[in-house]
Each structure stands twice: as structure tokens, then as C-alpha cells.
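Here is what each chain is made of, one letter per residue.
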Amino acid sequence: MGKKNLDWANLPFGYIKTDRRFVANYKDGAWDSGKLIKDDKVKISECACVLQYAQTCFEGLKAYTTKDGRIVTFRPDLNAERMESSCKRLEMPVFPKERFVKAVIDTIKANINWVPPFGSGATLYVRPYMFGSNAVIGVKPADEYQFRILVTPVGPYFKGGVKPITVRISDIDRAAPHGTGDIKAGLNYAMSLYNIVDAHKNGFAENMYTDPATHTYIEETGGANILFVTKDGKLVTPKSGSILPSITRRSLVQVAKDYLHIEVEERQINKNELSDFVECGLCGTAAVISPIGKINDHGKEILLPSGMEEMGPVLSKLRETLTGIQMGEIEAPEGWIYEIK
Ligand code: PLP
Ligand code: COI
């Protein structure tokens with residue numbers, strides 16, 4: 001059996017059922033050994049904690065085919081660590097880091113023919129997730145859990161790939177001041193659904209959220225962190241306790257400093273500063289770096305000097321360097337690339 005016969009270059013960011021998924025069950029205080037199965041259906045109690053009280057969290061990472069034909073994945077250890085924070089905050093049991101990384105690798109390996117070829121623009125999206133599976137009716141954590149990993153080949157998150165998008169500054173919050181914005185809880189995304197549908201209806205690709213306490217500082221979008229470039233070429237990214245610590249953003253900060261010798265500032269960004277920046281983009285596993293051409297602040301349009309036609313030079317260079325590292329064209333910092341053998 002060889003590679004699947006898909007139109008790799010035109011894949012949407014969508015779900016395609018692949019051959020195998022990983023499943024481990026937690027019961028009586030311990031995880032079982034877990035296995036790869038063919039069945040894509042989940043069978044749980046009608047009163048499962050995930051269904052009643054949204055006790056679930058997830059992760060997202062990707063597998064790539066390198067130029068020389070190897071299959072690799074990017075920093076799965078950081079996804080394991082972030083999932084550990086999510087689980088602790090949601091009173092869920094931690095799936096140990098070494099087992100998490102091994103299960104990610106095993107699941108990619110079991111679906112190797114679904115990893116898109118080098119240069120196709122598509123990648124294999126890997127989605128680890130966990131949920132409370134037994135019945136609870138009083139508000140309390142479950143006693144039983146399932147940890148699963150599914151994979152699906154995907155194209156770009158935003159239509160058009162690296163074409164600049166327009167976003168709006170949102171009045172609705174995705175996070176609370178001392179809430180769950182800094183973990184990858186399913187509930188954060190449920191919170192954002194009304195707002196993303198409304199944004200799309202109004203012609204915006206995403207919502208740019210501000211800090212939930214004062215609505216003054218820029219935070220992130222529904223599914224990605226934000227990067228700005230100043231007139232003098234500095235990279236600036238919001239610092240906040242209520243945004244998700246993006247692995248892409250943390251990697252880009254290091255790439256900017258160590259590979260491109262770009263100065264980086266992680267700090268609060270007042271929304272009044274938006275018109276001072278020359279480039280702006282979203283960053284995340286799904287988004288990679290997607291340029292923002294225009295920000296709508298309650299009817300006031302802020303046009304980034306990089307424009308609506310292409311990505312600006314600094315973000316382009318960052319994107320090129322990061323994807324070069326991920327696809328094996330540029331040497332990676334130690335420990336970033338895991339090869340699937
Ligand atoms: N912020 C949010 C709300 C996200 O959903 C994601 C996606 O995972 C990110 C940021 C980017 O994080 P990462 O780079 O780890 O994928
Ligand atoms: C990711 O980038 O992995 C995400 O989770 C973003 C989105 C698909 C929710």
C-alpha cells in the first residue's frame with residue numbers, strides 16, 4: 001500500500017477519516033496500555049462528564065514529509081507539557097509525557113500513507129484529546145477518561161494560504177481574567193463559536209480578542225497568537241496570562257532571535273498602538289503564519305502597510321525559516337524535530 005490518492009494541493013482544513021487512531025482508557029486511578037484501533041466511533045455514557053460539563057481538552061501538532069523523504073513531527077514534547085497544564089486545570093488525569101510522545105509517533109506511523117508529500121502545501125494534522133467519559137450528574141470531575149489521538153491530512157487553515165486576511169476587534173471575550181484562556185480547553189472554543197460565525201457573516205476571517213478585564217490590550221484570535229512588526233523591524237508579541245502559550249509563537253521568537261537576529265519584545269500591546277505597526281500576522285500550528293492586511297476596530301479600518309496582496313518581508317522570512325526547519329531544509333535547534341522511523 002502506498003500513499004493515498006488525494007488531491008494534496010487542494011485539501012481544505014477539514015477532517016478526513018484515516019486508518020488508525022490511538023485510544024487509552026483511564027479507570028480505577030490508572031491508564032491502561034492503550035492501543036491503535038480502526039474504529040472511528042466513540043461510545044460513552046449519555047451522561048458522560050464531557051457531554052454534560054464539557055470536561056475536555058485537546059492539542060494540535062503536525063507531521064511533515066521532508067525534502068529528502070523522511071517523515072517528521074515538531075516539538076510533541078511541548079504539546080505533552082501543555083496538555084498536562086490543561087488536564088491539571090480541568091481536574092483530569094495527566095497522560096505521561098513520554099507516553100504522549102510515543103503515542104503521537106505511533107499514530108503517525110500507523111497512518112504514514114496519509115502524510116502529504118513534500119511541497120504539496122498540505123500536512124498531517126495530529127489531534128490528541130482527552131475527555132471525562134463516565135456518568136456524572138452533580139458538578140464534579142469524572143472518574144474515567146479517554147485519551148485519543150486522531151490524524152487527518154489538511155491544507156491551509158485560511159483560504160488562500162498566505163493571502164492577507166481582515167480581522168475585527170471583538171466585543172465578546174473568549175477568556176475570563178482568571179479563567180481558562182491559557183489552556184487548550186474545548187470550552188474556550190465553544191465560547192468562540194457564536195463570534196466566529198458572526199465574524200464570517202460580516203466579512204471577517206477572524207476575531208481579534210482584547211484582554212477580558214479592560215478591553216485595552218491585544219490578546220490573540222480564536223485559534224492563533226498574534227505577531228506584529230514595528231517600523232524599525234522589531235518583532236512584538238502580546239504578553240498576557242489569558243492567551244494560549246502557542247508553541248509556534250515560542251518557536252518563532254527563538255527563530256527570530258537566533259536565526260534572523262531580529263529583536264523581540266513580549267509585552268502588553270495597547271490597541272491604540274495598532275496603527276504604528278508595519279506588519280501583523282497570526283501564528284499557530286494550523287495557521288503557521290497567516291498575514292493580517294486589515295484590522296477593523298468598530299468601523300475604523302487599520303490598514304497594515306504590508307497591504308492586502310502579500311505577506312510583509314519580516315513575517316515572510318520568519319515563515320520561510322520556520323517551515324524550512326519543519327520540512328528539514330534548514331537545520332533545527334536540538335530536540336525540535338522527531339523523526340518517524
Ligand atoms: N491560540 C489559540 C487559541 C489556539 O487555538 C492555538 C492553536 O493551537 C494557538 C494559539 C497556537 O498554538 P500552537 O502554536 O501551539 O498551535
Ligand atoms: C491549532 O492550530 O492546532 C489549533 O488548534 C487551531 C484551531 C484548529 C483550533
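Residues numbered from 1 in each chain as written. Chains lettered and ligands numbered in written order. Predicted model: local features only at pLDDT ≥ 70, side-chain atom pairs only at ≥ 80, totals over all residues. Heavy atoms only, no water.

The protein chain carries the name branched-chain-amino-acid transaminase in an unreviewed UniProt entry, which gives Treponema porcinum as its organism. As stated in UniProt under Sequence similarities (unreviewed entry), the record for the protein chain gives "Belongs to the class-IV pyridoxal-phosphate-dependent aminotransferase family." Recorded under Function (unreviewed entry), the UniProt text for the protein chain is reproduced unchanged: "Acts on leucine, isoleucine and valine." (UniProt positions renumbered as here; feature names shortened; annotations may be inferred.)

K.L.:
What's the story with the site of ligand 2 in this structure? I'm lost.
P.N.:
Around ligand 2 lies a shell formed by Phe-13, Phe-58, Gly-60, Tyr-125, Arg-127, Tyr-157, Lys-184, Tyr-189, Gly-223, Thr-285 and Ala-286. Lys-184 has a polar side-chain atom sitting 2.7 Å from an oxygen atom of ligand 2. Take Ala-286: an N or O atom from its main chain is 2.8 Å from an oxygen atom of ligand 2. Here ligand 2, which alone exposes 280 Å², has 88% of that area covered by the protein. Taken together, the residues of the shell around ligand 2 break down into six nonpolar, three polar and two charged. (Near = heavy atom within 4 Å. Polar contact = N/O pair within 3.5 Å; in protein donor to acceptor, adjacent residues only side chain to side chain. Areas by Shrake-Rupley, 256 points an atom, 1.4 Å probe, with all protein chains shown as cover. Nonpolar A, V, L, I, M, F, W, Y, C, P; charged D, E, K, R; others polar.)

K.L.:
Sorry, what's going on with the packing of helix 2 (residues 76-89) against helix 3 (residues 97-110) here?
P.N.:
It is the contact of helix 2 with helix 3, at a shortest axis distance of 9 Å, that shows an interaxial angle of 130°. Relative to helix 3, the element helix 2 is oriented oblique. The crossing of helix 2 and helix 3 is right-handed. Side by side, helix 2 and helix 3 meet where Pro-76, Asp-77, Asn-79, Ala-80, Glu-81 and Met-83 of the first sit next to Lys-97, Phe-100, Val-101 and Val-104 of the second. Residues belonging to the contact of helix 2 with helix 3 are distributed by class as follows: six nonpolar, one polar and three charged. (Axes fitted to C-alpha atoms, helices over the stretch in contact; angles between N-to-C directions. Helix = DSSP H or I, 4+ residues; strand = E, 2+ residues; numbered from the N terminus. Parallel < 35°, antiparallel > 145°, perpendicular 65-115°, else oblique. Left-handed = near helix turned anticlockwise from the far one by under 90°. Contact = heavy atoms within 4.5 Å.)

K.L.:
Which parts of the structure should I look at to understand a nonpolar patch on the surface?
P.N.:
Together, Tyr-53, Ile-137 and Val-139 make up an exposed nonpolar region whose accessible area comes to about 350 Å². As for its position among the elements, Tyr-53 is in helix 1 (residues 49-53). (Patch = residues over 30% accessible without salt bridge, like charges linked within 9 Å, V, L, I, M, F, W, Y side chains within 5 Å. Salt bridge = Lys/Arg side-chain N within 4 Å of Asp/Glu carboxyl O.)

K.L.:
Got a minute to help me understand the pattern of salt bridges in this structure?
P.N.:
Think of it this way: side chains of opposite charge can pair up when their charged atoms draw near. Tallying each qualifying case throughout the model produces 19 salt bridges. Close ionic contact of Glu-220 with Arg-174 constitutes a salt bridge, the shortest N to O distance being 2.8 Å. Note that Glu-220 is positioned in strand 11 (residues 218-221) and Arg-174 in the loop between strand 9 (165-169) and helix 4 (186-201), a separation of 46 residues in sequence. You'll find Glu-220 and Arg-174 in the same group, each marked buried. (Buried < 20%, exposed > 50% of the residue type's maximum accessible area, 1.4 Å probe, protein only.)

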